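Structural description and commentary
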Amino acid sequence: MLDNQGKSPVFQGLAGRCPACGKGKLFAGYLKFADRCNSCELVFDTGDTGDGPAVLVMSIVGFLVVFPALAVEKVFKPEVWVHALLWLPLSTLLVLLFLHPARGMWYGLMFKFNAGEAVLDDEAFPVKVDTGFASGNAQEERTRENL
Ligand SMILES: [Zn+2]
């Protein structure tokens, strides 16, 4: 299944390719994942990237826009509308440019590390509750049925 031509699933996702095989398309739209890989049939609905890619892109774009904006303000002292005319379209453009590959990269990371949403499955992952009270030298461990 991991016949991704020796490339990292992260780079495959960054390129918008299936992180498992590196051949199929990961996306069915700008941000919408395809239902499954058209090459290896990997189902893409197993992972939800959530807000992670958006936060990453906001941080990067913020860094790329705020410091030039401060420099322009310091040197030229333009009117506020000039800042709005410069930095709002640039921010929007950079977000649109980075969000697609960031989402693919994030999915590749999730695939690589077998990450997913937390599930409460008692057999596979018993819920461990640290009550904060030490009973002897062992911490109390409960499953969901005991709560
Ligand atoms: Zn594939």
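Residues numbered from 1 in each chain as written. Predicted model: local features only at pLDDT ≥ 70, side-chain atom pairs only at ≥ 80, totals over all residues.

Turning next to the confidence of the model for the protein chain. The share of residues in the protein chain with pLDDT of 70 or more is 76%, and the mean pLDDT across the chain is 83. Confidence, expressed as mean pLDDT per element, reaches its minimum in the protein chain at strand E2 (residues 138-139) with 42 and its maximum at helix H2 (residues 52-76) with 96. Confidence drops under pLDDT 50 across residues 133-147; counting only partners more than four residues distant or on other chains, this segment forms 15 contacts. (pLDDT = per-residue confidence, 0-100. Helix = DSSP H or I, 4+ residues; strand = E, 2+ residues; numbered from the N terminus. Contact = placed C-beta atoms within 7 Å.)

Moving on: the nonpolar core. The biggest cluster of nonpolar side chains holds 17 residues, and the ones touching the most others in it are Cys 18, Ala 20, Leu 26, Met 105, Trp 106, Tyr 107 and Met 110. Sorting the residues of this core by element identifies H2 and helix H3 (80-112) as the ones contributing at least two each. Tallying contributions element by element places H3 first for this core, with seven residues. When residues no more than four places from it in sequence are discounted, the contact partners of Cys 18 are Gln 12, Lys 23, Gly 24, Leu 26, Cys 37, Ser 39, Cys 40 and Leu 42. (Core = buried A, V, L, I, M, F, W, Y, C linked by C-beta atoms within 7 Å. Buried ≥ 20, exposed ≤ 12 C-beta atoms within 10 Å, placed from the backbone.)

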